[in-house]
Amino acid sequence: MAVACSGGRDSMALLHATVRMAMDEGVEVVALHVHHGLSAQADAWLDLVRAQCARWSADGWPVRLLHRRLSLAPAVGDSVEAVAREARYRALAELAREAGCDAVLLAHHCRDQAETFLLQALRGAGVAGLAAMPRASNREGVTWLRPWLDQPRERIDAYVAQHGVPYVDDDSNADGRFARNRLRLDVWPAMQAAFGDAEQVLAQAAAHQADVLACMDDWLAMRLPTVTRWIDTPDGGQRLGLVVSSWAQWADGPRRELLRAWFKQATRRSLPASWVHRLQGEALGGTGRRWPVALPSQGTLAALDGEVVLYRGVLSWRERPVTHARDVGTTSAEGRAPLRLRIDGAGTVPLPAGWGELMVEFVASEGVPLARLRDCELAPRQGGERFQMAAGRPARSLKKQFQMLGVPAWAREGPLVWAGGQLVFVPGLGVDARAWGAPEVPQVRLAWKPPAST
């Protein structure tokens, strides 16, 4: 059994109580401490936890300490609280696995829950935010348990005083730059004076939201598959699409929740409320649109930079595509020559300038002669190119061919391959029929794989 222990009052009390109970069960308790390196007192906190665990162990109590030192350097604009919290959970999970523990006890109590509910409400959070901290959750492969979520702070204070549990006070608790501290120092005393049961009532409100969240999760698990479908991508993968006609049948509230759930499943990120309302208003009844969306980094999740694409009645997400013409400078307006390329055989051909890869395989027919590709050119679309799908069929503009085959916009952005001044390959369409080789000639089929970022 593991207990996250910062050295503060609450976590030291939880560690003491857990070790006392473990003695009767013959279970070892592992105290997990994370040294963030952000406070001048961090060494003192570690020293206290280490010394106390050593004293208890010497007295025959089943406890030992594992600790981890971090070197955090939050970037400008980052929330120090968020960076430290995410790093702490990762480090605690690593320590728990090292100790062979699959669960970690956390010392959050009733007032912590009430404060979290208020802070989330002040941020305009929805049900998930207002549900505050769960009693049990899984993260980083570890189960996190909060056994004291119903306990008032006063009861923990009394336990510490009764048993003489040593602890340290975090000097950062007086720093008004942090929202939780402002709430504790400026708002909470007045609220408690006006509403003596505020702590219990707000924690109860969070519990109600947690019940609603559980019901909503069950509803979304049943309904999201009815409004989504998987879309094939040029690299052989799939993207989750939201089918607008099915999505539009729901009323505004459920529709917004389905949109949020689709975006979360597609990106692992939460869609801001402003985007939820914008997409709900603009995507219904629209065609062929794109909405660039950029979200900053959030905890362990990297910044998100991409776009929501509406094509043929389906919303999908993709990361922002590379602007190939600008990368390699091959537009005719700039008067630059296309990029030369040599293909000698089957396999994967890495392309320069972030253009991804070409997959080359031998075929018996309807391929381009390999000899022609030993001196070919790579270029972006310029406009006016025409493509012939099969022998005997007319050559049409790329736009018309793409529309006829239903090639989505994001799959049209690969480079074109030319040989001897003739267009031989177009991503999403294949090898131009006018470039097909005779049956007895060694020939290959090409397929474009976009770069990983797209």
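Counting restarts for each chain: residues are numbered from 1 in the order of the written sequence. Since the coordinates come from a predicted model, pLDDT governs what is reported: local features require at least 70, and pairs of side-chain atoms require 80 or more to be given and counted, while whole-chain, interface and lining totals use all residues. Excluding hydrogens and water, the side-chain figures rest on all heavy atoms present in the structure.

So, the pattern of salt bridges
Then, in step 1: Any carboxyl oxygen of Asp or Glu that lies within 4 Å of a side-chain nitrogen of Lys or Arg is treated as forming a salt bridge with it. Scanning all chains against the criterion turns up 26 salt bridges.
Then, in step 2: Notably, a salt bridge pairs arginine 184 with glutamate 115, separated by 2.9 Å at the nearest N-O pair. Of this pair, arginine 184 sits in helix 7 (residues 179-194) while glutamate 115 sits in helix 4 (residues 110-122), and the two are 69 residues apart along the sequence.
Then, in step 3: Any residue under 20% of the maximum accessible area for its type is buried, any over 50% is exposed, and the rest in between are partly exposed; the area is computed with a 1.4 Å probe on protein chains only. Taking the relative accessible area as the measure of exposure, glutamate 115 reaches 2% and is therefore buried.
Then, in step 4: The salt bridge involving aspartate 252 is made with arginine 255; its shortest N-O contact spans 3.1 Å. Pair noted here: aspartate 252 and arginine 255 are both in helix 10 (residues 252-267), with a separation of three residues, about one helical turn. Helix and strand definitions follow DSSP, with helices as H or I runs of at least four residues and strands as E runs of at least two, each counted in order from the N terminus.

What to know about the nonpolar core
Then, in step 1: Judged by nonpolar contacts, the single largest core of 27 residues is most densely connected at Met12, Leu15 and Val63.
Then, in step 2: Broken down by secondary-structure element, the contributors of at least two residues to this core are helix 1 (9-25), strand 2 (29-35), helix 2 (42-58) and helix 6 (153-163).
Then, in step 3: Ranked by the residues each element gives to this core, the list is headed by helix 1, at seven residues.
Then, in step 4: In this analysis, two residues are considered to be in contact whenever any of their non-hydrogen atoms come within 4.5 Å of each other. Apart from the residues within four sequence positions on either side, valine 63 is in contact with Leu15, Val19, Val29, Cys53, Trp56 and Ser57.
Then, in step 5: In plain words, nonpolar cores are sets of buried Ala, Val, Leu, Ile, Met, Phe, Trp, Tyr and Cys residues tied together by side-chain atoms within 4.5 Å. Among the nonpolar cores identified, the runner-up in size contains 26 residues, and Val227, Leu240, Val244 and Leu304 belong to it.

With respect to the sheet that holds strand 2
Then, in step 1: Read from one edge to the other, the open sheet built from six strands follows the order 3-2-1-4-6-5, with strand pairing classed as mixed. Looking at the sheet topology across the chains shown, the edges are occupied by strand 3 (63-69) and strand 5 (136-139). Averaged over all neighbouring strand pairs, the angle between strand axes comes to 30 degrees, with direction disregarded.
Then, in step 2: Note that strand 1 (residues 2-4) and strand 2 share three bridges and pair parallel. If you follow alanine 4 over to strand 2, its bridge partner there is leucine 32. DSSP calls a pair of strands paired once it identifies at least 2 bridges connecting them. Every axis corresponds to a line fitted to the C-alpha atoms, with the helix fit spanning only the stretch in contact, and the corresponding angles, defined between N-to-C directions, vary from 0 to 180 degrees.

With respect to the confidence of the model for the protein chain
Then, in step 1: Per-residue confidence for the protein chain gives a mean pLDDT of 85; residues scoring 70 or more make up 89%.
Then, in step 2: Confidence scores here are pLDDT values: one per residue, from the predictor, ranging 0 to 100. Scored below 50 in pLDDT, residues 321-337 shows 32 contacts in the model against residues more than four places distant or in partner chains.

Some points on a positive patch on the surface
Then, in step 1: Patches in this entry comprise residues that are over 30% relatively accessible and not in a salt bridge; like charges within 9 Å are linked, as are nonpolar side chains (Val, Leu, Ile, Met, Phe, Trp, Tyr) within 5 Å. Working definition of accessibility: Shrake-Rupley area with a 1.4 Å probe, residue cover restricted to the visible protein chains. The sign given to each residue is positive for Lys and Arg and negative for Asp and Glu; His and the chain ends receive no count. A single reference atom marks each charge: NZ on Lys, CZ on Arg, CG on Asp, CD on Glu. On the surface, a cluster of positive charge is contributed by Arg386, Arg393, Arg396 and Lys400.
Then, in step 2: Relative to the assigned elements, arginine 386 resides in strand 17 (residues 386-387).

Describing the packing of aromatic side chains
Then, in step 1: What counts as a ring pair is set by centres within 6.5 Å for rings of Phe, Tyr and Trp (its six-membered ring), and what kind of pair is set by the plane angle: stacked under 30 degrees, edge-to-face over 60, tilted for all other angles. Under the criterion given, the structure shown has five aromatic pairs.
Then, in step 2: An angle of 15 degrees between the planes, with centres 5.5 Å apart, marks the rings of tryptophan 56 and tryptophan 61 as stacked.
Then, in step 3: Relative accessible area serves as the criterion here: at 6%, tryptophan 56 is assigned to the buried category.
Then, in step 4: Judged by relative accessible area, which is 19%, tryptophan 61 ranks as buried.
Then, in step 5: Between tryptophan 219 and tryptophan 250, the ring centres sit 5.3 Å apart and the planes meet at 85 degrees, which makes this aromatic pair edge-to-face. Linking tryptophan 219 in helix 8 (residues 198-227) with tryptophan 250 in the loop between helix 9 (244-247) and helix 10, this pair joins segments that are 31 residues apart in sequence.
Then, in step 6: Using a relative accessible area of 24% as the deciding quantity, one classes tryptophan 219 as partly exposed.
Then, in step 7: Each residue in the set Trp262, Phe263 and Trp317 is aromatic and connected to the rest through ring pairs, giving one cluster.

What about the side chain of histidine 36?
Then, in step 1: With respect to the helices, strands and loops of the structure, histidine 36 is situated in the loop between strand 2 and helix 2.
Then, in step 2: Here the side chain of histidine 36 touches arginine 88 through a polar contact of 3.2 Å, side chain to side chain.
Then, in step 3: Each residue touching histidine 36, except ones within four places of it in the same chain, is listed here: Leu70, Leu72, Ala84 and Arg88. Between N or O atoms, a polar contact is any pair within 3.5 Å; within protein, one atom must be a potential hydrogen donor and the other a potential acceptor, and residues adjacent in sequence are included only when both atoms are from side chains.

Considerations on the environment of glycine 176
Then, in step 1: With respect to the helices and strands, the residue glycine 176 is situated in the loop between helix 6 and helix 7.
Then, in step 2: Given a relative accessible area of 38%, glycine 176 falls into the partly exposed group.
Then, in step 3: Through-space distance from the C-alpha of glycine 176 to that of aspartate 186 is 9.3 Å; in sequence the pair is 10 residues apart.

So, the pairing of strand 22 (residues 443-449)
Then, in step 1: As judged from the seven bridges shared by strand 14 (residues 357-363) and strand 22, these two strands associate in the antiparallel manner. Among the inter-strand pairings, methionine 359 is bridged to a residue of strand 22, identified as alanine 447.
Then, in step 2: Pairing between strand 15 (residues 368-369) and strand 22: two bridges, direction antiparallel. Each residue of the ladder has a partner; that of proline 369, found in strand 22, is glutamine 443.

A few points about helix 8
Then, in step 1: The span one expects for a helix is its residue count, reduced by one, times 1.5 Å. Taking 1.5 Å as the rise per residue, helix 8 with 30 residues should run 44 Å; its terminal C-alpha atoms sit 41 Å apart, in good agreement.
Then, in step 2: All of the buried residues along helix 8 are Ala198, Glu199, Leu202, Ala203, Ala206, Met216, Leu220, Leu224 and Val227.

Remarks on the sheet that holds strand 22
Then, in step 1: With respect to topology, four strands assemble into an open sheet ordered 13-14-22-15, the strand pairing being antiparallel. Pairing within the sheet leaves two strands with one partner each, and these edge strands are strand 13 (347-350) and strand 15.
Then, in step 2: Sheet analysis places strand 13 next to strand 14, joined by four bridges and oriented antiparallel. Bridge pairing in strand 14 places proline 350 opposite glutamate 357.

Focus: the packing of helix 4 against helix 8
Then, in step 1: In contact at an axis separation of 8 Å, helix 4 and helix 8 are set at 65 degrees when each is read in the N-to-C sense. As summarised for this structure, helix 4 and helix 8 are arranged roughly perpendicular, according to the angle between their axes. At the point where helix 4 passes helix 8, the crossing takes the left-handed sense. Residues Cys110, Arg111, Gln113, Ala114, Phe117 and Leu118 of helix 4 lie in contact with helix 8, whose contacting residues are Glu199, Gln200, Leu202, Ala203, Ala205, Ala206 and Gln209.
Then, in step 2: Three classes are used, and their members are as follows: Ala, Val, Leu, Ile, Met, Phe, Trp, Tyr, Cys and Pro are nonpolar, Asp, Glu, Lys and Arg are charged, and the others, Gly among them, are polar. The class makeup of the residues in the contact of helix 4 with helix 8 is eight nonpolar, three polar and two charged. When describing relative orientation, an angle under 35 degrees is termed roughly parallel and one over 145 degrees roughly antiparallel, while 65 to 115 degrees is termed roughly perpendicular and anything else oblique. The sense of a crossing depends on the near helix, which, turned anticlockwise from the far helix by less than a right angle, makes the crossing left-handed and, turned clockwise, makes it right-handed.

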